[in-house]
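Here's the letter readout for the chains.
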Amino acid sequence: MTDTFEVPIDSDSDVVVVRQHVRSHALQAKLSLVDQTKVVTAASELARNTLVYGGGGRLVIEAISNGVRRGLRLSFIDEGPGIGDVEQALTDGWSTGGGLGLGLSGSRRLMDEFDLESAPGRGTRVTVVKWVR
Amino acid sequence: MTVHSEADRHRIDVLLQDQEERITRRWIDIAVANAGGHAARGALTERLREIYPALQRALAKDGENGELRRLLAELSRGQARQGFTPSETVVLVLGIKEAVYEVIEAEEDSETLRGYHWFCKFVDDLGLFTFETFAAARERIITDQAEQLLELSTPVVKLWDGILAVPLVGTLDSARTQVVMEKLLQALVETGSEHAVIDITGVPAVDTQVAQHLLKTVVAARLMGAECVVSGIRPQTAQTIVTLGIDFGDIVTKASLAEALAYALRRSGVQISEGSGKRVVVGVERA
Ligand SMILES: Nc1ncnc2c1ncn2[C@@H]1O[C@H](COP(=O)(O)OP(=O)(O)OP(=O)(O)O)[C@@H](O)[C@H]1O
Ligand SMILES: [Mg+2]
């Protein structure tokens, strides 16, 4: 059984709204304070990528369960230019936008599961999961 | 049945095509009359003339109305920004039913009437959509205003002679962080201060963007001969920053604002000692 919630990401203030929704879902999922902060921070990174590089998109928040554990799954979806070299994009310090280049790689470390699907011209979908400990 | 309705729809398509100028004009008149006294005719005319062909295309393609929706969303946002009510906005769209009715009034064949009936349902859906986007736009405006308020209320305070502090509160988006940082740099120049404490106790998430702004500010302040201390990094924030991979380099960080102040005071040559009775005694070394 999943419980789904969707948030559009089309402006800077939407990124703020994303953080607020993710925080409240993380709280509801009973994640620890440290994990809540990690999830909100990763969401902030991925949402901004969706906005800045993906040209906008949406976030799908799901409360999930694998039978043993409960968790929170976040999917950031855009129909932007996509990422040509995923390996490179996931390298610490790599940025095409003058950033620190830590958003993607850092989010991968902050979350328990990280999946990046992208192809040039076909958009990007980043799915991350945090399990409740 | 489907053949029937195909023909009905076609009748409306043709009508909208043939009577384009007449219908648009009436639509604009009706819209202006219904939209409350403060509607600007010029702007409305432009919008509706843009929407009309999109509506025709949507009707012809049957449901494929992305462009139409985009235009209607734009219309709602504009209306919301200008302070119109939801109903003043929705009647703009619904007005086209009346305009079309005036054209078909004279015709009596059942095909046209059925076509019109179908057209009305289509327009009603658009009205509903307009209402929804209007509500969303209103909400957006309210959050934006709340944020702006927050921005205006971020103060740069003078803690001590030569020591400024800026407490950052709430979620920091790029624009707001930039404003805060610019304010701080400016205040450093104006007051000739050599120390600044940036307190992030009130920031729930320090991500790469916030970190980058912090790093840039510290570097800029350094170039101006001032030193920054970052205070109020909470344990969960510290762990997150480390996992994210952000390197604060040689930036001095302190757990609390008080510690940061004590540090800055020491650096500026003020000596602090805790005397008896927990009184804080401050002595200035430099004249
Ligand atoms: N949704 C996306 N669509 C297209 N390209 C993307 C997307 N997300 C990331 N990228 C590419 O991957 C690079 C690395 O992203 P990452 O978030 O790690 O760093 P950054 O956004 O450049 O900087 P930072 O997040 O540290 O401020 C980006 O510079 C961009 O080229
Ligand atoms: Mg990024």
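Residues numbered from 1 in each chain as written. Chains lettered and ligands numbered in written order. Predicted model: local features only at pLDDT ≥ 70, side-chain atom pairs only at ≥ 80, totals over all residues. Heavy atoms only, no water.

Q: Please explain the overall build of chain B as it appears in this structure.
A: Within chain B, the secondary structure is distributed over 10 helices and seven strands. Of all 287 residues assigned to chain B, the portion counted as buried reaches 45%. Put simply, of all contacts in chain B between residues at least 6 apart along the chain, 69% involve residues at least 24 apart. With an accessible surface of roughly 15000 Å², chain B has 53% of that area assigned to carbon and sulfur atoms. (Helix = DSSP H or I, 4+ residues; strand = E, 2+ residues; numbered from the N terminus. Buried < 20%, exposed > 50% of the residue type's maximum accessible area, 1.4 Å probe, protein only. Contact = heavy atoms within 4.5 Å. Areas by Shrake-Rupley, 256 points an atom, 1.4 Å probe, with all protein chains shown as cover.)

Q: Which parts of the structure should I look at to understand the sheet that holds strand 4 (residues 113–118) of chain A?
A: Hydrogen bonds along the backbone pair up the strands of a sheet, which may run parallel or antiparallel. Residue and element names in this part refer to chain A. Spatial ordering of the open sheet is given by 1-2-3-5-4, a layout of five strands whose pairing is antiparallel. Each of the sheet's edge strands pairs with one partner strand only, and the pair in question is strand 1 (3–9) and strand 4. Pairs of neighbouring strands in the sheet enclose a mean axial angle of 15°, with direction left out of account. Examined bridge by bridge, strand 4 and strand 5 (residues 124–131) share six bridges and lie antiparallel to one another. Across the sheet, the residue bridging to Asp-115 is Thr-127, located in strand 5. Strands strand 1, strand 2 (57–65) and strand 3 (70–78) of the sheet are contacted by helix 1 (residues 12–28), whose axis makes an angle of about 160° with strand 1. (Pairing = 2+ DSSP bridges. Axes fitted to C-alpha atoms, helices over the stretch in contact; angles between N-to-C directions.)

Q: How should I be thinking about helix 5 (residues 86–104) of chain B in this particular structure?
A: Each α-helix winds once per 3.6 residues, and so residues spaced three or four apart point in a common direction. Residue and element names in this part refer to chain B. The end-to-end C-alpha distance of helix 5, which contains 19 residues, comes to 29 Å, matching closely the 27 Å that a straight helix rising 1.5 Å per residue would cover. Along its length, helix 5 shows its largest kink, about 35°, at Val-93. For helix 5, the full list of buried residues reads Glu-88, Thr-89, Val-90, Leu-92, Val-93, Gly-95, Ile-96, Lys-97, Ala-99, Val-100, Val-103 and Ile-104. (Expected span 1.5 Å × (residues − 1). Bend = angle between axes of the 7 residues up to and from the residue.)

Q: Before we go on, may I ask you to explain the pairing of strand 2 of chain A in this structure?
A: On a regular strand, one side chain projects to one face of the sheet and the next to the other, so that they alternate. Residues and elements named next belong to chain A. Here strand 1 runs beside strand 2; their pairing, made up of seven bridges, is antiparallel. When the sheet's bridge partners are listed, Phe-5 is paired in strand 2 with Ile-61. With nine bridges connecting them, strand 2 and strand 3 associate as antiparallel partners. Pairing of Ala-63 across the sheet is with Leu-72, part of strand 3. Linking two consecutive strands that pair antiparallel, namely strand 2 and strand 3, is a turn of four residues; a positive phi of about 95° is found at Gly-67 within it.

Q: Any chance you could explain helix 4 (residues 66–81) of chain B here in plain terms?
A: All names here are of chain B. Between its terminal C-alpha atoms helix 4 stretches 22 Å, which fits the 22 Å expected from 16 residues at 1.5 Å a residue. Within helix 4 the residues assigned to the buried category are Leu-68, Leu-71, Leu-72, Ala-73, Leu-75, Ser-76, Gly-78, Gln-79 and Ala-80. Of the residues trailing helix 4, Gly-83 is marked for its positive phi of about 80°.

Q: Would you explain the interface of chain B and chain A in this entry?
A: The figure often quoted for interface size is the accessible area lost as the parts come together. Residue-level contacts link 24 residues of chain B with 25 residues of chain A. For the chain B and chain A pair, buried surface summed over both sides reaches about 2100 Å², with 56% attributable to carbon and sulfur atoms. When the area that chain B buries against chain A is broken down by residue, the three leading residues are Gln236(B), Thr243(B) and Leu244(B), summing to 24%. When the shortest N-O distance is used, the salt bridge between Asp207(B) and Arg48(A) registers 2.4 Å. There are eight residue pairs in polar contact (both at pLDDT 80 or more) connecting chain B and chain A. The element best represented in the side of chain B that touches chain A is helix 9 (residues 235–244) of chain B, accounting for six residues. When grouped by side-chain class, the residues that make up the side of chain B that touches chain A number eight nonpolar, 11 polar and five charged. (Buried area = accessible area lost by both parts, 1.4 Å probe. Salt bridge = Lys/Arg side-chain N within 4 Å of Asp/Glu carboxyl O. Polar contact = N/O pair within 3.5 Å; in protein donor to acceptor, adjacent residues only side chain to side chain. Nonpolar A, V, L, I, M, F, W, Y, C, P; charged D, E, K, R; others polar.)

Q: Honestly, the packing of aromatic side chains in this entry has me stumped. Any pointers?
A: All names here are of chain B. One pass over the structure, following the stated rule, counts three aromatic pairs over all chains. Judged by centre distance (5.6 Å) and plane angle (45°), the rings of Tyr-101 and Tyr-116 are tilted. Note that Tyr-101 is positioned in helix 5 and Tyr-116 in helix 6 (residues 110–152), a separation of 15 residues in sequence. Ring centres 6.2 Å apart and planes at 25° place the aromatic pair Trp-118 and Phe-122 in the stacked group. Of this pair, Trp-118 and Phe-122 are both found in helix 6, four residues apart, which corresponds to roughly one turn of the helix. In this pair, the class of Trp-118 matches that of Phe-122, namely buried. The residue whose ring lies beneath Arg-69 is Phe-129, and the NZ or CZ to ring-centre distance is 4.4 Å. (Phe/Tyr/Trp six-rings, centres within 6.5 Å; stacked < 30°, edge-to-face > 60°. Lys NZ or Arg CZ within 6 Å of the ring centre and 35° of its normal.)

Q: Would you take a moment to explain the pairing of strand 2 (residues 163–169) of chain B for this structure?
A: Residues and elements named next belong to chain B. The buried count for strand 2 comes to five of seven residues, which makes it a mostly enclosed element. Where strand 1 (residues 157–160) meets strand 2, three bridges bridge the pair, whose relative direction is antiparallel. Paired with Val-157 across the strands is Ala-165, a residue of strand 2. Inspection of the sheet shows strand 2 paired to strand 3 (residues 195–202) by six bridges, in the parallel sense. The partner of Val-169 across the bridge, within strand 3, is Gly-202.

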